[in-house]
Amino acid sequence: MCVTCGCGGEQEHLPTKEREEGHRHSHAHESDHSHSHDTPGERERKIRLEQDILGKNDHLAEHNRDRFHRDRMLVLNLVSSPGSGKTTLLERTLEALSGAFPMGVIEGDQMTSLDADRIARTGTPAVQINTGRTCHLDAHMIAHGLEKLPRLTGGVLFIENVGNLVCPSSFDLGESVRVALLSVTEGEDKPLKYPYLFEGSPVVCLTKIDLVPHTGFDRDLFTASLARVRHDARLFELSSRSGEGFSRWLDWIREGVLEASRGSRSREATFS
C-alpha cells in the first residue's frame, strides 16, 4: 500500500487545470533504501496509518457510490501497468458507443494531460488528474474530477487509473466494476505476481491479442494463472488495432448501462 511504497500521507490532488493555478503537493519516501529497519512501534504506527488512510478512502468511496447510484451510472475503473493499451481501448470504445448514452472519462497520470487530450478528440468530456508522486487515484480525487464533467445520468464514467499493478488495487473509488487490463507483451504470469489486483477485478481484458503470433504468449498458461487467482473472472480478449473481440466488450458495457439504469449497486459483474 502507499504507506509502504512511500507515497502516502495527506493528499490534495486536483484536476490539471487547478494544479496549474497553484495547487501543489509533496511526498517523500520514508527510506533511502528498499529494506526496512522499523522498530515494532514504528511498524504498528504504519499499520495504523494505513488503516486510517484506507478507512477514510472507503468512507469517501461510499459517498461516490451513492452519487453514482442516484444518477444510475455505470462506473468502470480500468487498472493496468503503463503501456497495456488502456487509452487506446477507451478511444475505440468511446467511438463505437458514441451517441448511445452519456459518457465521460477521468484520466489519472502522474504528469501531463496527454491522455485526456486524446480522449477529448473523440468528442467525449474528459478530466485529467495529475497525481505527482502518488501512484494511484483515490476516492477524493474522483469526487473532485466528477465536478468537472457534465452530469452522466444513465450513462458511463470510465476511470483510467494511474499505470500501476499494486497501489490502485487497495483503493476503492466507488466504481461499479474494477477492470484489470493485461497486454500479451507483459507475460502470462502477471495474475500470480500481482494477485491482489486480479482478485479484486471481476473483469479482465487481455489486450493486444493481434501480437500473439509475435510474442509467443501462451493463452492456456495465462488462463490457468488467472483461474488460480480468480476462477470466476470474466475475460475479454481484445485487439484495439484489429477490432477482434470488441463486440463482446461493447455488448457487456451496454448490458452494464442497462443494469445500472435499473438501480443495481453491485460491485461485481453480475450482468451478462
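These figures come from a predicted structure and were not determined experimentally. (Residues numbered from 1 in each chain as written. Predicted model: local features only at pLDDT ≥ 70, side-chain atom pairs only at ≥ 80, totals over all residues. Heavy atoms only, no water.)

Just to check I follow, could you spell out the side chain of E175 for this structure?
Mapping E175 onto the fold places it in the loop between β4 (156-160) and β5 (177-183). Looking at E175, its side chain comes within polar contact range of the side chain of N77, at 3.4 Å. Within polar-contact distance, the side chain of E175 engages the backbone nitrogen of L173 at 2.9 Å. (Helix = DSSP H or I, 4+ residues; strand = E, 2+ residues; numbered from the N terminus. Polar contact = N/O pair within 3.5 Å; in protein donor to acceptor, adjacent residues only side chain to side chain.)

Explain the packing of aromatic side chains to me, please; I cannot follow it from the model alone.
What characterises a pair of aromatic rings is the spacing of the ring centres plus the angle enclosed by the ring planes. Evaluated as defined, the whole model comprises four aromatic pairs. Between F217 and F222, the aromatic rings sit 5.7 Å apart at their centres with planes inclined by 50 degrees, giving tilted as the arrangement. On the accessibility criterion, F217 (7% relative accessible area) is buried. Since its relative accessible area comes to 0%, F222 is described here as buried. When the centroid spacing of 5.7 Å and the interplanar angle of 75 degrees are considered together, the rings of F236 and W249 count as edge-to-face. Of the two residues, F236 sits in strand β7 (residues 234-237) while W249 sits in helix α11 (residues 246-261), which places them 13 residues apart along the sequence. Among the aromatic residues, those joined into a cluster by ring pairs are F236, W249 and W252. The positively charged end of R92 is found above the aromatic ring belonging to F246, 5.2 Å away from the centroid. (Phe/Tyr/Trp six-rings, centres within 6.5 Å; stacked < 30°, edge-to-face > 60°. Buried < 20%, exposed > 50% of the residue type's maximum accessible area, 1.4 Å probe, protein only. Lys NZ or Arg CZ within 6 Å of the ring centre and 35° of its normal.)

What should I look at first to understand helix α4 (residues 86-97) in this one?
The periodicity of an α-helix, 3.6 residues per turn, causes residues three or four positions apart to be oriented the same way. In this model, α4 (12 residues) spans 16 Å end to end at C-alpha, consistent with the 16 Å of a helix rising 1.5 Å per residue. When we look at burial in α4, the residues that qualify are K86, T87, L89, L90, E91, T93, L94 and L97. If you follow the buried residues of α4, they end up packed against β1 (74-79), β2 (103-109), α5 (114-120), β4, β5 and α11. Just downstream of α4 lies G99, where phi reads positive at about 85 degrees. (Expected span 1.5 Å × (residues − 1). Contact = heavy atoms within 4.5 Å.)

Before we go on, may I ask you to explain the pairing of strand β6 (residues 203-207) in this structure?
For a regular strand, side-chain orientation follows a simple rule: the groups alternate between the two sheet faces. Most of β6 sits out of view: five of its five residues are buried. Burial along β6 is two-sided: the face carrying V203, C205 and T207 and the face carrying V204 and L206 are both buried. Sheet topology note: the β6/β7 ladder contains four bridges and is parallel. Residue L206 lies in a different strand from β7, and its bridge partner there is E237. (Pairing = 2+ DSSP bridges.)

Explain the sheet that holds β4 to me, please; I cannot follow it from the model alone.
By way of backbone hydrogen bonds, the strands of a sheet pair with one another, either parallel or antiparallel. Spatially, β3-β2-β4-β1-β5-β6-β7 is the arrangement adopted by the seven strands of the open sheet, whose pairing is parallel. The open sheet has two edge strands with one neighbour each: β3 (126-130) and β7. With direction set aside, neighbouring strand axes in the sheet form an average angle of 20 degrees. On top of the sheet, helix α10 (residues 219-229) reaches β5, β6 and β7; it is set at about 155 degrees to β7, its chief contact. On the sheet, α11 packs against β1, β4, β5, β6 and β7 and is oriented at approximately 140 degrees with respect to β1. (Axes fitted to C-alpha atoms, helices over the stretch in contact; angles between N-to-C directions.)

Mind showing me how you'd approach the side chain of S80 here?
The topology assignment puts S80 in the loop between β1 and α4. A polar side-chain atom of S80 sits 2.9 Å from a polar atom in the side chain of K86. Excluding anything up to four places from it in sequence, S80 contacts K86, V162, G163, N164, L165 and L181.

What am I meant to see in the nonpolar core here?
The nonpolar side chains of a soluble globular protein tend to be buried, and buried together. In terms of nonpolar packing, the biggest core is built from 27 residues, with L76, V156, F158, V179, W249, W252 and I253 touching the most fellow members. Put simply, the parts of the chain that give this core at least two residues each are β1, α4, β2, β4, β5, β6 and α11. At seven residues, the largest contribution of residues to this core is made by α11. Here V156 is in contact with L74, F101, P102, M103, G104, I253 and V257, once residues within four sequence places are set aside. Counting 17 residues, the second largest nonpolar core, distinct from the first, contains L182, V184, L206 and F222. (Core = buried A, V, L, I, M, F, W, Y, C linked by side-chain atoms within 4.5 Å.)

Before we go on, may I ask you to explain the pattern of salt bridges in this structure?
When their charged atoms lie close together, side chains carrying opposite charge are able to pair. Following the criterion strictly, the structure yields 12 salt bridges and no others. Residue R65 is joined to E62 by a salt bridge in which the shortest nitrogen-to-oxygen separation is 2.5 Å. Of the two residues, R65 and E62 are both situated in helix α3 (residues 40-70); the distance of three residues between them amounts to about one turn of the helix. Judged by relative accessible area, which is 36%, E62 ranks as partly exposed. The shortest N-O distance in the salt bridge between D189 and K193 comes to 3.4 Å. Salt bridges linked by common partners bring E62, R65 and D172 together as one network. (Salt bridge = Lys/Arg side-chain N within 4 Å of Asp/Glu carboxyl O.)

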